[in-house]
Amino acid sequence: MKAIAIHLAIALIFLISFEFDSDSDRPVEVAGEVEIVRASAVDASQVEAQAQRIRQREEDARRAEEERVAELERRAQEAEQRRQQEQQQAQREREQREQEQAEAEARQQRIREEAEQAERETEAAAERRRQEEEAAEQRRQEEEQRRREEEERRREEEERQRQEQERREAEARERAEREQQLEEELAQERARREQARSQRVQTEVERYQALIRQAIQRNLIVDSSMRNQSCVLLISLSRTGFVTNVQIGEGDRAVCEAGRAAALRAGTLPVSEDPAVYEQMSQVRLRIEPEF
């Protein structure tokens, strides 16, 4: 409709311009020509100037009309451009609305799908949880059963170990008692043997001391001043009975000197070959009493 109105306006402008040009040719409007005829005697330059002014006015009118037409065309073009822009804007807005609606529908569809997916996942998760709980309960029951069995085995093992420990302790006590009894018997036997050996050794020591005393007495030189006198001698003997040293102890000085000389004079004194006896005779302590 706007395009038709613009074309009608342009046609109207052309029509008015044509009428204007036609009216300028009519006699009533050619005042300039009458004036030119009436002033034929006037200077030709004035006529030319008047014609020039007329042509100028016509040119100005023509340019003004062209400018008016151009302005109308420009306005018509601007209106068309605005219309096209409005149509384009409306098209863009419509397309945007359609796009937004499509996007909204797509979002709603995604939301529905996501909700359905979430619901499916929730149901699946609930099913998994149920299965996991059942499996956990099954494992718990199995673990409880295994724990009870292990506890029973542990109690049985502890009872077996306790009985075994009691048996070992009883055996150990019996063994300890037997060992103690045996040790006591061995100790008693050792004591008896030691006592017998000590008695035998002591007897041998006393016998050899008597023999040594007799040997010293045989070599002892006495006089009357030694009557009823005595002296203690400490005699050191080698393993063969050789006299290695004689020390004088308490007693009469003369008897002591005589006894020392007699022991050294004897040289070798009787000694037992028994190591136990010799151990107590390596140093012999004797009391010497001269015999008259």
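Okay, so let's go over this structure. (Residues numbered from 1 in each chain as written. Predicted model: local features only at pLDDT ≥ 70, side-chain atom pairs only at ≥ 80, totals over all residues. Heavy atoms only, no water.)

Let's shift gears to a negative patch on the surface. Taken together, the side chains of Glu-113, Glu-114, Glu-116, Glu-119 and Glu-123 make up a negatively charged region of the molecular surface. Among the structural elements, Glu-116 can be located in helix H3 (residues 44-219). By relative accessible area, Glu-116 is classed as partly exposed at 43%. (Patch = residues over 30% accessible without salt bridge, like charges linked within 9 Å, V, L, I, M, F, W, Y side chains within 5 Å. Areas by Shrake-Rupley, 256 points an atom, 1.4 Å probe, with all protein chains shown as cover. Salt bridge = Lys/Arg side-chain N within 4 Å of Asp/Glu carboxyl O. Lys, Arg positive; Asp, Glu negative; His and termini not counted. Charge placed at Lys NZ, Arg CZ, Asp CG, Glu CD. Helix = DSSP H or I, 4+ residues; strand = E, 2+ residues; numbered from the N terminus. Buried < 20%, exposed > 50% of the residue type's maximum accessible area, 1.4 Å probe, protein only.)

Tallying each qualifying case throughout the model produces zero aromatic pairs. Here Arg-239 stacks its cationic end above the ring of Tyr-278, 4.7 Å away from the centre of that ring. (Phe/Tyr/Trp six-rings, centres within 6.5 Å; stacked < 30°, edge-to-face > 60°. Lys NZ or Arg CZ within 6 Å of the ring centre and 35° of its normal.)

So, on to the state of the cysteines. This model, assessed by the stated rule, comprises one disulfide. One disulfide in the model links Cys-231 with Cys-256; its S-S distance is 1.7 Å. When the S-S torsion is 105°, as for the bridge of Cys-231 with Cys-256, the disulfide is right-handed. Here Cys-256 lies in helix H4 (residues 253-266) and Cys-231 lies in strand E1 (residues 231-237), a separation of 25 residues in the sequence. Here Cys-231 falls in the buried class, since its relative accessible area comes to 0%. The class for Cys-256 is buried, based on a relative accessible area of 1%. (Disulfide = S-S within 2.5 Å.)

It is worth spelling out unusual backbone geometry at this point. The phi torsion at Asn-228 lies on the positive side, around 60°, for a residue other than glycine. With respect to the helices and strands, Asn-228 occurs in the loop between H3 and E1.

As for its position among the elements, Ser-272 is in the loop between H4 and helix H5 (275-279). Ser-272 gets classed as buried once you look at its relative accessible area, which sits at 5%. Of note is the side chain of Ser-272, whose polar atom sits 3.1 Å from the backbone nitrogen of Asp-274. (Polar contact = N/O pair within 3.5 Å; in protein donor to acceptor, adjacent residues only side chain to side chain.)

The alternating pattern of strand E3 (residues 283-288) places Val-284, Leu-286 and Ile-288 on a buried face, while none of Gln-283, Arg-285 and Arg-287, on the opposite face, is buried. Pairing between E1 and E3: six bridges, direction antiparallel. Across the sheet, residue Ser-236 finds its bridge partner in E3, namely Gln-283. (Pairing = 2+ DSSP bridges.)

Okay, H4 next. Look at H4: 20 Å from first C-alpha to last across 14 residues, which is about the 20 Å you get at 1.5 Å a residue. Those residues of H4 that fall on the buried side of the exposure criterion are Val-255, Cys-256, Ala-258, Gly-259, Ala-262 and Ala-263. Across the axial projection of H4, the buried residues extend over an arc of 170°, all falling on one side. For H4, the secondary structure elements touched by its buried residues are H3, E1, strand E2 (243-251) and E3. Measuring from the backbone nitrogen of Ala-254 back to the side-chain oxygen at the start of H4 gives 3.1 Å, which picks out Asp-252 as the cap. Gly-267, located one to two residues past H4, shows a positive phi value of around 80°. (Expected span 1.5 Å × (residues − 1). Arc of directions from axis to C-beta. Contact = heavy atoms within 4.5 Å.)

Functional significance is not addressed by these values, which are geometric in nature.
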